[in-house]
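Topology and contacts: notes
What follows is each chain in one-letter form.
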Amino acid sequence: MFNNKELFKVSFQEQLISRLGKSMDEATAGDIYKILGSLIRENIGRDWAESNRISNIQKEKQVYYFSMEFLIGRLLGNNLLNLGMLNTVREGLAELGWDLDEVEAQEPDAGLGNGGLGRLAACFLDSLASLQYAGHGCGIRYKYGLFEQKIVDGHQVELPDDWLQRGNVWEERRADKKVEVSFWGRVEVEEQDGKTVFTTVNDEKVWAVPYDVPVIGYGDGRVNTLRLWSAESAVDPVKMVQDGQNSYYQFLEYSRSVESISEFLYPDDSGYEGKLLRLKQQYFLCSAGLQSLLRTFEKLELPYSELPEKVSVHINDTHPTLLIPELMRILMDHKGYGWEEAWDITTRTVSYTNHTLLSEALEKWPEGMVRELLPRVYMIIEEINKRFCGSLLEDGISQEVVSQVAILESGQVKMAHLAIVGSYSVNGVAGLHTELLKSDVMKPFYELYPERFNNKTNGITHRRWLMHANPELSSLISESIGTSWITSPHKLLGLETFKDDAVFQQKIMDIKRNNKLRLAEYVHQKQGIAVDPDSIFDVQVKRLHGYKRQLMNILHVMHLYNEIKDNPNVERVPRTFIFGAKAAPGYYLAKSIIKLINVVADVVNKDPQASQQLKVLFLENYSVSLAEKIIPAANVSEQISTAGKEASGTGNMKFMMNGALTIGTLDGANVEMFDMLGNDNMFLFGLRSEEVLDYYRYGGYLSRDMYSQHEEIRRVLDQLISEGPFCCHEREFGLIRQSLLDHNDEFFVLRDFMDYAAKQKVIEQAYINSQAWASKSIVNIAHSGHFSSDCTINRYASEIWDVAPVKVEIY
Ligand SMILES: *Cc1c(COP(=O)(O)O)cnc(C)c1O
């Protein structure tokens, strides 16, 4: 129906009448969106069921990707794209008087994640389905996703993201598949027929109810499932209320506390929150997800010893690590397995991705909290720790090393240690990150289990980030090298032969300019600021964090402003600096940096002279759908983290794929980009990770020296607190200045500043030669196929999960 425009138009109008009782001219954009969504759901129903059925019949191994975050964004456009219906629907709707872009904008972003980690999970789901793997997502259906950011008087204000308010056309509630999850209580130990039996009594039970979202693969891809769990009260209110006085209020209280489990996403990126509710969320996901996948496994009627052959359970960072003791608990307490066998099954089933080297992000839960909330699980963790440490001591490993690697230490449960000990694979997310894991943060574990460690460099789905976000560029690519790159993204390499082709270069430049015009239009509509589409669009969009160094970027903008004011008659290439970033609500310094960016923007944009050559924009509420607007319009991609701090980055890959040139440090996946691109096609600067590590280890860096040695640095730092153009926010900006001078500049902003400023000058010169710039841009696009998550997922599949694609034939 969706392949035939006329048929589409007819069924669309029929649906509109039968579902909403409206004719075309009465329908709102919201109605059009809803009807399209339900048409798609109907259309894929059979494929979805068939994908599930085939999996069951063929008994193929299933992958379950557990993640506390899935930063999905909007689905309508991508689903139409993957179903091959995008053009039919766009044209059909146009003939009915509707613009598909406007309809797509009706969909709220599913913002069930903070940043890179959650977006990776979403890209992986798209690749799993498109490559025909039986791989499913397992997450939480947060009632409120990541907060909506408003900028009020230059400050970030957080508003609740009530994304489900108008319903969710993609989800299917499956009340029949609900499972029980238990918290609190006390463990009773009894001997029965010579066996020790553990029973938890007086526990509090909640229902976990799944909401399934179809994950539609590209072309003949599969329809996999993203199962999101919602917490509901498991107590019969009638019974509870009959039980005595006051229990009506008790019921309300209980009910509220249950619903709070899936109420909201913690808004911290790269930070650890030791909150009880967060621990509850983690266990809720692990227990519900495991029970559900084990129920599917049991339909195969195989012994549990075959679980590792039929199921791979992957954990995205340590957040779902409680899976390990939970699987042990189920196998021992409910399936009758002994410790040894249960441990063997568990450690052959679970694999783990590490996402960070930042010590503040490593999860450690207070032992007492885990013991009280999850008494039986805690006992199992204790036993895992006891056996692990005991076997090390037996092998002659020193007490010192043993306490370094222990799971329970100083009253804390170390989740990364539990994840490594309880899984068969530990991977980092970029070459450099994995090497640093092995040589530094997880060194003693690497020495114990070298075979477990491996690298899987992150990736991004080129379907969303190129085909959907940049349709003009996608069409040009297909006209030039054919369409095989869509299913084999490596073939983008074929573009390299066009890098010196003047006609092709011009087309690349025209497309970029169109994308810039579209973004300029959006900015004008939102903020009333006119930006020059011929200026360099220099973009830094990502979570706001000290190590990502948005501060260095904005200090450099202040420096450029000073230069312009000092020498107004020097010719310069106009630049538009674009920022987008959410800060964790409790991260005071990060919020001050947002304020600083907005203050600088205000000063620069209102200066009649400087604003000719310089503009600064802060686009509020950075999200997946905003990223899809901004990234295709970028000329310069800012990837300027302190070397050794950004595990991989994926924003860097999206920009590269859309033809932006990167100014960056040798950090995360930038290293791999540089290996492919070289100095001709990328702008490198700053300390290397070894140098940063040496400074941390041996000292030798004094940020005050930078201040006294460089007039440019002194000037901008003093402008933070003194009378002058950026006056007067002394208290707030004084803290920023203190972090750089009094606290010795933890992220080496001042150390790298001069090198960064010099590289920015090189960029300006390079941009003047537009053909040479276009040529570099083409080389970037050509090599970006390497970063498609299709490649990444193929490596996870063959090197970690040992799964192969399973074709689904629909009759
Ligand atoms: C890709 C993406 C990120 C991650 O960006 P990095 O630059 O790798 O930190 C964060 N948020 C959104 C909305 C994204 O799309």
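All values reported here derive from a predicted model rather than from experimental measurement. (Residues numbered from 1 in each chain as written. Predicted model: local features only at pLDDT ≥ 70, side-chain atom pairs only at ≥ 80, totals over all residues. Heavy atoms only, no water.)

1. Remarks on the UniProt feature "modified residue: N6-(pyridoxal phosphate)lysine" (unreviewed entry) in the protein chain
According to UniProt, the feature "modified residue: N6-(pyridoxal phosphate)lysine" (unreviewed entry) maps to Lys-654 in the numbering used here. Residue classification places Lys-654 among the buried residues on the basis of a relative accessible area of 7%. Other than its neighbours up to four places away in sequence, Lys-654 contacts Arg-119, Ile-460, Trp-465 and Ile-631. (UniProt positions renumbered as here; feature names shortened; annotations may be inferred. Buried < 20%, exposed > 50% of the residue type's maximum accessible area, 1.4 Å probe, protein only. Contact = heavy atoms within 4.5 Å.)

2. Some remarks on the sheet that holds strand 25 (residues 683-684)
Spatial ordering of the open sheet is given by 22-21-20-23-24-25, a layout of 6 strands whose pairing is parallel. Every other strand in the sheet has two partners, leaving strand 22 (614-618) and strand 25 as the edge strands with one partner each. Looking at chain direction, strand 24 (residues 661-664) and strand 25 are connected through 2 bridges and run parallel. Its bridge partner lying in strand 25, Gly-664 is registered against Leu-684. (Pairing = 2+ DSSP bridges. Helix = DSSP H or I, 4+ residues; strand = E, 2+ residues; numbered from the N terminus.)

3. Focus on the site of the ligand
Taken together, Gly-115, Gly-116, Trp-465, Lys-542, Lys-548, Tyr-622, Ser-623, Val-624, Gly-649, Thr-650, Gly-651 and Lys-654 make up the full set of residues near the ligand. Lys-542 places a side-chain nitrogen or oxygen 2.7 Å from an oxygen atom of the ligand. Between an oxygen atom of the ligand and a side-chain N or O atom of Lys-654, the distance comes to 2.6 Å. Bound to the protein, the ligand loses 96% of the 390 Å² it would expose on its own. Taken together, the residues of the shell around the ligand sort by class into 3 nonpolar, 6 polar and 3 charged. (Near = heavy atom within 4 Å. Polar contact = N/O pair within 3.5 Å; in protein donor to acceptor, adjacent residues only side chain to side chain. Areas by Shrake-Rupley, 256 points an atom, 1.4 Å probe, with all protein chains shown as cover. Nonpolar A, V, L, I, M, F, W, Y, C, P; charged D, E, K, R; others polar.)

4. Side note on the packing of aromatic side chains
In this structure the tally under the stated criterion is 21 aromatic pairs. Where Phe-124 meets Tyr-796, the ring centres are 5.2 Å apart and the plane angle is 65 degrees; that geometry is what we call edge-to-face. Here Phe-124, found in helix 6 (residues 116-130), pairs with Tyr-796, found in helix 33 (residues 789-801); they are 672 residues apart in sequence, far enough to count as distant. Residues Phe-297 and Tyr-304 carry aromatic rings whose centres are separated by 5.2 Å and whose planes lie at 55 degrees to one another, so their mutual orientation is tilted. Judged on exposure class, the residue Phe-297 and its partner Tyr-304 are both buried. Three or more aromatic residues link up through ring pairs in this structure, and these residues are Tyr-65, Phe-124, Tyr-796 and Trp-801. For the cation-ring pair, Arg-174 lies above Trp-48, with the distance from its terminal atom to the ring centre recorded as 5.3 Å. Sitting over the ring of Trp-207, Lys-178 keeps its end group 4.2 Å from the ring centre. (Phe/Tyr/Trp six-rings, centres within 6.5 Å; stacked < 30°, edge-to-face > 60°. Lys NZ or Arg CZ within 6 Å of the ring centre and 35° of its normal.)

5. What to know about the nonpolar core
Core analysis: the largest hydrophobic core is formed by 192 residues, its most contacted members being Phe-12, Leu-93, Phe-284 and Trp-801. With 10 residues, the top contributor of residues to this core is helix 9 (residues 276-298). Leaving out residues up to four positions away in the same chain, Phe-284 has contacts with Ile-140, Val-181, Phe-183, Val-206, Trp-207, Ala-208, Trp-229, Ser-230, Ala-231 and Ile-261. One finds Ala-583, Tyr-707, Leu-741 and Ala-766 within the second-largest nonpolar core, a separate group that totals 60 residues. (Core = buried A, V, L, I, M, F, W, Y, C linked by side-chain atoms within 4.5 Å.)

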